[in-house]
Amino acid sequence: MKVTRATFDDVMVPNYNPAGMVPVRGEGSRVWDQNDAEYIDFAGGIAVNVLGHCHPELVSALKEQGEKLWHLSNVFTNEPALRLATKLTDATFAEKVYFANSGAEANEAALKLARRWAIDKHGEDKNQIIAFNKGFHGRTFFTVTVGGQAAYSDGFGPKPGAIEHCDYNDLAAFEALISDKTCAVMMEPLQGEGGIILPDAEFVKGVRELCDKHNALLIFDEVQSGVGRTGHLYAYMGLGVTPDILTTAKSLGGGFPIGAMLTTTDIASHLKPGTHGSTYGGNPLACAVAERVLDIINQPEVLQGVLKKEALFRELLGAINDKYQVFDEVRGQGMLLGCVLNEKYQGRAKDFMTAATNEHLMCLVAGMNVIRFAPSLVIPDEDIKVGLARFERAVAAVVNAD
Ligand SMILES: *Cc1c(COP(=O)(O)O)cnc(C)c1O
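Sequence order as written defines residue numbering, which begins from 1 separately in each chain. For this predicted model, a pLDDT threshold of at least 70 governs which residues receive local features, and a threshold of 80 or more governs which side-chain atom pairs are given and counted, while totals over whole chains, interfaces and linings are taken from all residues. As a rule here, side-chain values cover all heavy atoms of the structure and leave hydrogens and water aside.

In the nomenclature of an unreviewed UniProt entry, the chain is known as Acetylornithine aminotransferase of Alteromonas profundi. UniProt positions are given in the numbering used here, feature names are shortened, and annotations may be inferred rather than shown by experiment. Per UniProt, the comment on the chain under Subcellular location (unreviewed entry) is "Cytoplasm". Taken verbatim from the UniProt record of the chain, the Sequence similarities (unreviewed entry) comment is "Belongs to the class-III pyridoxal-phosphate-dependent aminotransferase family. ArgD subfamily."

Caption draft 1: The sheet that holds strand β6 (residues 163-166), seen in detail. Pairing between two strands requires that DSSP report at least two bridges joining them. Helix numbering and strand numbering both begin at the N terminus, where a helix is a DSSP run of H or I of at least 4 residues and a strand a DSSP run of E of at least 2. Taken together, the seven strands give an open sheet; going across it, the order is β4-β10-β9-β8-β7-β5-β6, and neighbouring strands pair in mixed fashion. The outermost strands of the open sheet, each flanked by one partner alone, are β4 (96-100) and β6. Strand-to-strand twist of the sheet, defined as the mean angle between neighbouring strand axes without regard to direction, takes the value 20°. In the sheet, strand β7 (residues 182-187) pairs with strand β8 (residues 217-221) via four bridges, with the strands oriented parallel. Note on β8: the bridge partner recorded for Met-187 is Phe-220. The criterion used for residue contact is that any of the two residues' heavy atoms lie within 4.5 Å. Structural elements are reduced to axes, namely lines fitted to C-alpha atoms, with helices fitted over the stretch in contact, and the angle between N-to-C directions of any two is expressed from 0 to 180 degrees. On the sheet, helix α5 (residues 103-122) packs against β4, β5 (128-132), β6, β7, β8, β9 (245-248) and β10 (259-263) and is oriented at approximately 160° with respect to β7.

Caption draft 2: The arrangement of the site of the ligand in detail. By convention in these notes, a residue is near a molecule or strand provided one of its non-hydrogen atoms lies within 4 Å of it. Close to the ligand lie Ser-102, Gly-103, Ala-104, Asn-107, Phe-136, His-137, Gly-138, Glu-188, Asp-221, Val-223, Gln-224 and Lys-250, which account for all nearby residues. Measuring from an oxygen atom of the ligand, one finds a backbone N or O atom of Ala-104 at 2.8 Å. Note that a nitrogen atom of the ligand is positioned 3.3 Å from one of the backbone N or O atoms of Phe-136. Considered on its own, the ligand offers 380 Å² of accessible surface; in the complex 82% of this is hidden by protein. Counting of polar contacts relies on pairs of N or O atoms within 3.5 Å, with two restrictions inside protein: one atom must be capable of donating a hydrogen and the other of accepting it, and residues adjacent in sequence are counted only when both atoms are side-chain atoms. Shrake-Rupley sampling with a 1.4 Å probe provides the accessible areas, and residues are treated as covered by the protein chains on show and by no other component.

Caption draft 3: Geometry of the packing of aromatic side chains. Between the rings of Phe, Tyr and Trp (Trp by its six-membered ring), a pair exists once the centres lie within 6.5 Å; its type follows the angle of the planes, with under 30 degrees stacked, over 60 edge-to-face, and the other angles tilted. The full count for this structure, using the stated rule, is 13 aromatic pairs. An angle of 85° between the planes, with centres 5.6 Å apart, marks the rings of Phe-93 and Tyr-236 as edge-to-face. In this pair, Phe-93 sits in the loop between α4 (79-91) and β4 while Tyr-236 sits in helix α10 (residues 235-239), placing the two residues 143 residues apart along the sequence. Each of the two residues, Phe-93 as well as Tyr-236, counts as buried. Taken together, a centroid distance of 5.9 Å and an interplanar angle of 80° make the contact between Phe-132 and Tyr-168 edge-to-face. On the criterion of sequence distance, the pair formed by Phe-132 in strand β5 and Tyr-168 in the loop between β6 and α8 (171-177) is long-range, its members being 36 residues apart. The class for Tyr-168 is buried, based on a relative accessible area of 11%. As a reminder, the over-ring test applies to NZ of lysine and CZ of arginine, requiring each to be within 6 Å of the ring centre and within 35 degrees of the ring normal. A cation over a ring is seen here: Arg-139 above Tyr-152, with NZ or CZ 4.0 Å from the ring centre. Each residue's exposure class comes from its accessible area (1.4 Å probe, protein chains only) as a fraction of the maximum for that residue type: buried when under 20%, exposed when over 50%, partly exposed otherwise.

Caption draft 4: Structural context of the packing of α4 against helix α12 (residues 284-297). Contact geometry of α4 with α12 gives a least axis separation of 8 Å together with a crossing angle of 35°. Once α4 is placed against α12, the crossing between them reads as left-handed. Two secondary-structure elements touch here, α4 through Pro-80, Ala-81, Arg-83, Leu-84, Lys-87 and Leu-88 and α12 through Pro-284, Cys-287, Ala-288, Ala-290, Glu-291, Leu-294 and Asp-295. For any helix crossing, the convention is left-handed if the near helix is rotated counterclockwise from the far helix by under a right angle, and right-handed if that rotation is clockwise.

Caption draft 5: The arrangement of the nonpolar core in detail. Residues belong to a common nonpolar core when they are buried Ala, Val, Leu, Ile, Met, Phe, Trp, Tyr or Cys residues joined through side-chain atoms within 4.5 Å. Ile-297, Leu-317, Ile-371 and Phe-391 are the most contacted members of the largest nonpolar core, which has 80 residues in total. For this core, the element with the most residues is α12, which contributes eight residues. Of the domains in this structure, domain 1 (5-54 + 300-401) and domain 2 (57-297) are the two that each give at least three residues to this core. The contacts of Phe-391, once residues within four sequence positions are left out, are Leu-317, Ile-320, Phe-327, Leu-361, Ile-371 and Phe-373. Counting 22 residues, the second-largest nonpolar core is a separate cluster that includes Ala-100, Leu-113, Trp-117 and Met-261. Segmentation into domains, and thus their bounds, comes from an automatic or database assignment.

Caption draft 6: Focus on the sheet that holds strand β1 (residues 23-27). Taken in spatial order, the four strands of this open sheet run β1-β2-β3-β13, and their pairing is mixed. The open sheet terminates on both sides in strands that have one partner only, identified here as β1 and β13 (361-362). Of the pairings in the sheet, the one linking strand β2 (residues 30-33) to strand β3 (residues 38-41) comprises three bridges and is antiparallel in character. What sits directly across from Val-31, in β3, is Tyr-39. The sheet strands contacting helix α15 (residues 381-401) are β2, β3 and β13, and the helix crosses β3 at an angle near 105°.

As structure tokens, this is what we get:
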């Protein structure tokens, strides 16, 4: 059966507007479309393909587990899930793990756990959840409401209640909002969708201290920042601030859907049997792949390599900007970088992304003013150079079209 981009408009719900070309295979940081045209991938499936496409070790993990056992449900446990949970707890502050299938579901679990914890320990009145403007936490109704972008949460009728927002990096506003009624604070330790915004050191420390003062749980959403992306296994490790609950997904599966919520034994004890669950969460196939991802990423050489690749990106992007004057700054950390458009190009991130696709480079945007790169953490230097040469042509195309 012949299918094309036009088929999308015929048979798919129109909530997405994908690019004109249809990718059919990938290898490392290169992708080929239906016409066998080759692309360099700086999008990484939105910070997911942490080891590129079809990494041989992940393919073999998938094949090995695929011939053993795919799915059981949580009526039974399984070896890959138990091994992955052991490795996650060994590598982080956490002592307990809950598996889900996506970032939104990991966050949904975190928020439900925080509410349970507060109600069990402190009573019904301690139910306020604070989150940050421009934050993104997923698309379920609870997580989209906690997220700080009205465009995603409005227009679906009554929302879950007791959720408040303030500006990221504004400690005074946060201090004014938090109280003993706050049960949890959810934040990204590096805002991704909102524009690749790093937290100030005093801000994160202040948030942690105020959570402690008011007995509120601090939830770090590391769905985008986690699993080596910042050059630390998790971004919190580079900030010197430890959350009470951490969520991880995207890169964790390297392209196979999985999410996880990590926490302490004490907090976890409030999700007693029957309080929450998922049919697929922690299924052996997903966990076998994620276990291999973690084994590969959680090595000093790989994590240091992320910072070396960041330096190469910054050097070459700086040279492009010297020539064309389109960015105010390149921000972010590791393999999660954002080129912030200057005054002259406000609102035009999408134009740059489209021009990049025309030059056979896949990249992303983060809002209307930031071009986002979230490539594989092991992208070869050669692919960075060739990809950024294509990006330079895309920048030239936008600049010269004016
Ligand atoms: C992508 C993302 C999510 C949602 O993850 P899904 O797997 O799409 O549900 C949640 N939080 C952050 C920070 C994200 O970047």
